[in-house]
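What follows is the residue order along each chain.
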Amino acid sequence: MNGEGNSGPVFADPITADLMLSVNGDEHPVTVDTRETLLDTLREHLDLIGAKKGCDHGQCGACTVLVDGRRVKSCLTLTVTVDDREITTVEGLAVDGALHPMQAAFVERDAFQCGYCTPGQLCSAVAMVREVADGWPSAVTADVSGPVALDDDEIRERMSGNLCRCGAYVNIVAAIRQVGA
Amino acid sequence: MTTVAAPYSGTALDRVDGPEKVTGRARYAYEHAPDDLAYAVVVQSTIARGAVRVVDADSVLQLPGIIAAIWHENAPRVAPIEDAELTVLQSPRVAYRGQVVAVVVAETIESATEAARLLRVDYQVEPHDVELRADHPGMYRPDHVNPDYATDSELGDPEAALGFAPVVVDATYTTPAQHHNPIEPHATVAVWDADGLTLYDSTQSASAVRATIAPLFGLPPESVRVVSPYVGGGFGSKGAPHAQVVLAALAAKQVGRPVKLAATRRQMFAVTGYRTPTVQRVRLGADEEGRLSAVVHEAFEQTATVKEFAEQTTVVTRMMYAAPHRRTSHRLVRLDVPVPTWMRAPGETPGMFALESAMDELAVACGIDPVELRVRNEPTVDPERGLPFSSRNLVACLREGAARFGWAGRDPEPGVRRRGRQLIGTGVASSTYPVYRLPSQATARAEPGGGFTVKIAAADIGTGARTVLTQIAADALGVAPAQVRMEVGDSALPRASVAGGSSGTASWGTAVVRACEALTDVLHRRAGDVPPGGLEASVDTAEELRSQRPFSRHAYGAQFAEVGVDLDTGEVRVLRLLGAFAAGRIINPKTARSQFIGGMTMGLSMALFEESVMDVEFGDYLNRDLAQYHFAACADVRDVDAFWIEEEDPELNPMGSKGIGEIGIVGTAAAVANAVYHATGLRVRDLPIRLDRLIGGAV
């Protein structure tokens with residue numbers, strides 16, 4: 001049997017909320033179902049299709065976007081929780097039509113194949129380089145008290161929340177090293 | 001056959017669709033948004049065998065925003081076709097746990113998901129059988145194995161030869177079920193209108209989806225259009241249509257609105273295919289110098305009750321090594337399980353894990369270097385077909401790979417190299433993949449304003465097809481790649497074969513070259529004059545392919561691995577992987593390297609992590625998400641590299657190319673397992689190489 005308990009479906013209308021979402025510098029007035037994830041709001045209501053749905057469970061990282069500059073999984077973020085935050089998606093990385101250096105490095109190093117995990121990898125990479133520059137340690141940082149060097153081990157550790165099934169990891173690491181060095 | 005000589009083929013052109021992919025502009029199937037959309041969510045069977053008694057559709061229709069709950073009693077009928085995986089919601093029968101029993105359509109994803117969760121389904125339950133065993137009484141001999149190979153083969157008297165052989169290896173290897181898990185879930189947006197049906201679909205072949213779906217809905221093929229400009233990986237799981245595309249079309253028909261439907265990641269473990277688990281017995285007979293006299297390779301595999309898929313696991317053994325006495329066979333059992341399908345190098349991938357592990361065991365038994373052992377058993381002609389090889393550079397891959405890897409002077413003694421708390425070992429395995437080429441059509445068009453458009457319903461699932469076809473067309477037209485616009489991923493374009501069997505570049509490239517040549521001829525006759533309406537030429541390669549000369553055509557490679565095994569935990573890390581390949585002409589070194597190392601990375605993943613665990617009691621794969629089905633993450637993949645041997649083969653196609661999408665995974669798991677043996681002295685014959693298979697046996 002599907003369903004839970006014996007009481008049958010509950011016939012309540014969805015609860016909605018009116019928000020002003022700030023995405024890539026643009027303000028979007030939206031009415032959202034309070035069950036709605038940021039990922040679905042971006043993709044289904046704002047036609048910002050860059051953030052990808054790979055698992056909807058926070059396990060693959062394809063939905064990674066930046067909220068106030070920090071990487072989050074938009075599939076695990078309810079939209080109602082980010083109405084006063086600054087959201088950046090992959091569409092917001094390029095400035096005035098010029099690729100962000102990380103985007104250019106991904107193309108140059110062939111750091112993707114199918115491209116579906118790529119927006120998440122890019123958002124994650126951009127924020128991750130900043131995290132290292134700010135001295136945030138990771139599980140592989142030998143000395144957690146000092147500055148952190150962006151070496152391959154650090155990149156691999158910090159990028160392991162973004163799965164790539166095409167197996168472009170070696171090239172992803174090379175692209176990030178090129179930009180972050 | 002002459003091959004196209006070329007300034008642009010062979011150059012490392014950046015992916016032509018790179019900018020679209022890195023900016024988020026590339027639009028994948030689920031991202032197409034026609035007006036008046038509704039959302040569909042699938043409900044799966046919670047039993048493995050039996051029948052649906054009733055679905056309480058009425059209750060969920062009371063929920064706000066619910067448009068329809070479709071099940072077998074109220075679903076639109078489809079034509080009864082042979083592929084029962086696709087005739088969804090047509091009968092009460094349940095053939096495996098996770099089979100689709102209903103689909104809910106709603107105004108929003110949230111409402112559809114909630115209603116699907118609440119939908120009550122009553123079943124009549126029957127006992128199920130989901131356990132693969134080599135001695136299962138239901139084992140049978142299929143008529144043929146995928147795609148159309150003989151089920152069994154035999155030459156000489158292998159049993160007698162094994163009896164006489166001074167050295168015999170007799171071992172059983174197992175590979176688990178594995179799931180493709182492309183990062184883009186299988187998705188379809190279905191739109192019905194006066195002209196018929198449009199499907200925005202995630203597929204490896206728009207032409208095949210059209211050809212399959214049209215008769216299901218009683219439509220002529222021209223009334224179905226399949227659009228799939230970008231595909232987020234497939235690895236075989238999107239090679240043939242699965243239930244989701246039919247369900248989307250059914251649901252859209254039922255509700256009279258465009259419908260979006262995607263399998264969730266968890267649903268994908270039952271409804272989008274997987275690699276069958278295998279049990280393989282390999283017996284090798286050899287003299288003391290390692291020269292094979294007998295090779296016997298037997299595979300036992302599962303298939304589903306609704307559809308047969310017979311993985312060609314031992315076919316590769318028919319041509320790998322010379323031996324006068326040989327036998328290969330395949331036996332299947334129909335279980336109450338989801339339908340297995342092609343997964344990256346079906347056949348070769350599990351088959352070469354077993355064969356190349358056994359060859360390593362033979363090298364150990366004979367005290368011969370494993371590279372040397374393989375060289376010693378190199379055949380001069382295809383051992384079972386008797387045909388000459390169009391080209392075969394396995395030995396060059398082994399030799400050159402060994403040189404670059406630093407194989408020389410390797411101490412064969414297992415379990416003696418320590419680096420800190422790690423045991424270190426190296427391993428090698430051969431790799432191979434057949435050369436397939438399938439009929440395709442293409443159109444080349446000279447635009448009145450200058451420039452060319454080349455059209456073919458090919459699929460770029462991340463392989464780089466759009467890019468290499470651009471290079472091939474540029475060379476055939478004698479212009480720069482920037483002058484060529486390549487159109488792929490739409491069934492309205494000239495019909496093309498599937499992006500599968502590593503056949504894309506060979507099949508579509510042939511059609512593109514011929515179309516460009518035909519256009520060049522026409523242009524020449526008109527002294528280069530392009531009329532205001534443009535000028536085009538179309539071709540079909542079916543005839544050309546029929547006149548192919550008989551050769552044994554395969555790509556070859558050698559995989560070298562270095563591993564470190566933690567003495568305390570048994571954790572295996574692959575420290576280095578190097579692949580040497582001989583695959584004809586490489587058209588784009590940048591995208592080709594990505595294909596090779598991508599395949600090798602999936603092979604590493606197969607060696608150490610990937611395993612879909614069958615829950616015998618409930619009858620489904622229980623680790624059905626990416627937190628439980630592990631595949632390699634960034635930190636698992638350190639030093640993976642590939643190079644290739646220059647290979648000129650005039651018996652292939654106008655480009656002189658062999659397929660490269662699958663060979664990278666073939667042999668990798670064996671190279672890793674052989675390296676683990678070298679590191680630890682423990683022979684792991686069952687994938688994946690989990691900690692518990694090493695710890696406790698530590699040296």
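Each chain has its residues counted from 1, following the order in which its sequence is written. Here the convention is simple: chains get letters from A, ligands get numbers from 1, in the order in which they are written. Whole-chain, interface and lining totals are the exception, using all residues; otherwise, since this is a predicted model, local features are given only for residues with pLDDT of at least 70 and side-chain atom pairs are given and counted only at 80 or more.

**Student:** Tell me about the overall build of chain A, and please be specific about residues and values.
**Tutor:** The way it works is that DSSP assigns letters per residue, a run of H or I at least four long becomes a helix, a run of E at least two long becomes a strand, and they are numbered from the N terminus. Scanning chain A from terminus to terminus reveals 5 helices and 5 strands. Of the regular secondary structure in chain A, the N- to C-terminal order runs β-β-α-β-β-β-α-α-α-α. By principal-axis analysis of the C-alpha atoms, chain A measures approximately 55 × 40 × 35 Å. Counting the 181 residues in chain A, one finds 51% classified as buried. We call two residues in contact when their backbone-placed C-beta atoms lie within 7 Å. Once local pairs closer than 6 in sequence are excluded, the contacts in chain A between residues at least 24 apart make up 56%. Three classes are used. A residue is buried when 20 or more other C-beta atoms lie within 10 Å of its own, exposed when 12 or fewer do, and partly exposed in between, with C-beta atoms placed from the backbone.

**Student:** I'd like a rundown of the domain arrangement of chain A, residues and numbers included.
**Tutor:** All names here are of chain A. An automatic or database domain assignment supplies the start and end points of every domain. Each assigned domain of chain A is listed here: domain 1 (16–92) and domain 2 (101–180). One C-alpha centre belongs to domain 1, the other to domain 2, and the line joining them spans 22 Å. When contributions to the side of domain 1 that touches domain 2 are tallied by element, the ones reaching two or more residues are β3 (64–67) and β4 (70–73). Of the residues forming the side of domain 1 that touches domain 2, the biggest block, 3 residues, is contributed by β3. Tallied by class, the residues present in the side of domain 1 that touches domain 2 amount to 7 nonpolar, 5 polar and 3 charged. Basically, the charged four are Asp, Glu, Lys and Arg, the nonpolar ten are Ala, Val, Leu, Ile, Met, Phe, Trp, Tyr, Cys and Pro, and anything else, Gly included, counts as polar.

**Student:** Could you give me a rundown of the interface of chain B and chain A, with the residues and numbers involved?
**Tutor:** At the interface, 57 residues of chain B touch 57 residues of chain A. Counting residues per element, the ones that place at least two in the side of chain B that touches chain A are α1 (18–23), α2 (57–61), α3 (109–118) and α14 (589–608) of chain B. Sort the elements by how many residues they give to the side of chain B that touches chain A and α14 of chain B lands first, with 7 residues. Of the residues belonging to the side of chain B that touches chain A, the class tally is 28 nonpolar, 18 polar and 11 charged.

**Student:** Outline the domain arrangement of chain B, supporting the account with residue identities and numerical values.
**Tutor:** Residue and element names in this part refer to chain B. Domain assignment breaks chain B into domain 1 (18–27 + 438–546), domain 2 (32–127 + 183–233 + 238–271) and domain 3 (144–178 + 275–435 + 550–693). Spacing between the C-alpha centres of domain 1 and domain 3 amounts to 35 Å. At the interface, 14 residues of domain 1 touch 17 residues of domain 3. Taken together, the elements giving at least two residues each to the side of domain 1 that touches domain 3 come down to α11 (465–477) and α12 (504–525). Sort the elements by how many residues they give to the side of domain 1 that touches domain 3 and α12 lands first, with 5 residues. When grouped by side-chain class, the residues that make up the side of domain 1 that touches domain 3 number 4 nonpolar, 10 polar and no charged.

**Student:** Let's hear about the sheet that holds strand β22 (residues 452–455) of chain B: which residues, and what values?
**Tutor:** Residues and elements named next belong to chain B. The pairing criterion is simple: DSSP has to find at least two bridges between the two strands. Read across the sheet, 4 strands follow the order β23-β22-β21-β24 without closing on themselves; strand pairing throughout is mixed. Here the strands that pair on one side only, and so sit at the sheet edges, are β23 (484–487) and β24 (535–540). Averaged over all neighbouring strand pairs, the angle between strand axes comes to 15°, with direction disregarded. Of the strand pairs in this sheet, β22 and β23 are connected by 4 bridges, and their pairing is parallel. Across the sheet, the residue bridging to valine 454 is methionine 486, located in β23. Between N-to-C directions, angles span 0 to 180 degrees; the directions come from axes that are lines fitted to C-alpha atoms, helices contributing only their stretch in contact. Contacts between α11 and the sheet are confined to β21 (441–446), β22 and β23, with β23 contributing the most and set at about 135° to the helix. The strands touched by α12 within the sheet are β21, β22 and β24, with β24 carrying the most contacts at an inclination of about 140°.

**Student:** Residues and numbers for the packing of α14 of chain B against helix α15 (residues 668–680) of chain B, please.
**Tutor:** Geometry of a packed helix pair, given as the angle between the helix axes and the separation of the axes. Residue and element names in this part refer to chain B. The interhelical angle for the contact between α14 and α15, taken along N-to-C directions, is 50°, at an axis separation of 7 Å. In terms of orientation, α14 lies oblique with respect to α15. Helix-helix and strand crossings are classified by hand; for α14 and α15 the assignment is right-handed. Together, Met600, Gly603, Leu604, Met606, Ala607 and Leu608 of α14 and Thr668, Ala669, Val672 and Ala673 of α15 make up the contact between the two elements. Any angle that falls under 35 degrees is termed roughly parallel, while one over 145 is termed roughly antiparallel, one within 65 to 115 roughly perpendicular, and all others oblique. Here a crossing is taken to be left-handed if its near helix is turned anticlockwise relative to the far helix by less than a right angle, and right-handed if that turn runs clockwise.

**Student:** For the sheet that holds strand β13 (residues 224–227) of chain B, give the residues involved together with the corresponding values.
**Tutor:** All names here are of chain B. With mixed pairing, 7 strands are arranged side by side in an open sheet as β3-β5-β1-β14-β11-β12-β13. The open sheet has two edge strands with one neighbour each: β3 (66–70) and β13. Taking each pair of neighbouring strands and ignoring which way they run, the sheet shows an average axis angle of 20°. By the bridge criterion, 4 bridges tie strand β12 (residues 196–201) to β13 in an arrangement that is parallel. Note that in β13 the partner of tyrosine 200 across the bridge is valine 227. Along the sheet, α3 contacts β1 (38–44), β3 and β5 (100–106); its crossing angle with β1, the most-contacted strand, is approximately 20°. Most of the contacts of helix α5 (residues 206–216) go to β13, to which it runs at about 145°, and overall it touches β12 and β13.

**Student:** So, the packing of α11 of chain B against α12 of chain B: which residues are in play, and what are the values?
**Tutor:** All names here are of chain B. Look at α11 against α12: their axes get within 9 Å of each other, and the N-to-C directions meet at 30°. Relative to α12, α11 is oriented roughly parallel. Like other packed secondary-structure pairs, α11 and α12 cross with a definite hand, here right-handed. On the side of α11, the interface is formed by Ala465, Val468, Leu469, Ile472, Ala473, Ala476 and Leu477, while α12 contributes Gly504, Thr505, Trp508, Gly509, Val512, Val513, Cys516, Glu517 and Thr520. Residue composition of the contact of α11 with α12, by class: 11 nonpolar, 4 polar and 1 charged.

**Student:** Which residues make up unusual backbone geometry, and what values do they have?
**Tutor:** Residues asparagine 146 of chain B and proline 147 of chain B are joined by a peptide bond in cis, for which omega reads -10°. One can find proline 147 of chain B in the loop between β7 (144–145) and β8 (149–150). Omega for the bond connecting leucine 687 of chain B with proline 688 of chain B falls within 30 degrees of zero, at -5°, which places this linkage in the cis form. Among the secondary structure elements, proline 688 of chain B is positioned in the segment after α15. Phi is positive for aspartate 96 of chain A, close to 50°, though the residue is something other than glycine. Secondary-structure assignment places aspartate 96 of chain A in the loop between β5 (86–88) and α2 (101–108). You can call aspartate 96 of chain A exposed: it has 4 C-beta atoms within 10 Å. At aspartate 36 of chain B, a position not held by glycine, the phi torsion is positive, near 65°. Following the sequence through the fold, aspartate 36 of chain B ends up in the loop between α1 and β1.

**Student:** Could you give an account of the UniProt feature "domain: Aldehyde oxidase/xanthine dehydrogenase a/b hammerhead" (unreviewed entry) in chain B, with specific residues and numbers?
**Tutor:** The feature "domain: Aldehyde oxidase/xanthine dehydrogenase a/b hammerhead" (unreviewed entry), as annotated in UniProt, sits at residues 23–127 of chain B in this numbering. Each end of residues 23–127 of chain B is marked by a C-alpha atom, and these two atoms are 51 Å apart; helix forms 15% of the span and strand 30%. UniProt positions are given in the numbering used here, feature names are shortened, and annotations may be inferred rather than shown by experiment.

**Student:** An account of the environment of histidine 136 of chain B is requested, with residue identities and associated values reported.
**Tutor:** All names here are of chain B. When you line up the elements, histidine 136 lands in the loop between β6 (121–125) and β7. When the 18 C-beta atoms within 10 Å are taken as the criterion, histidine 136 is described as partly exposed. As for histidine 136 and valine 333, which are separated by 197 residues in sequence, their C-alpha atoms are 7.3 Å apart.

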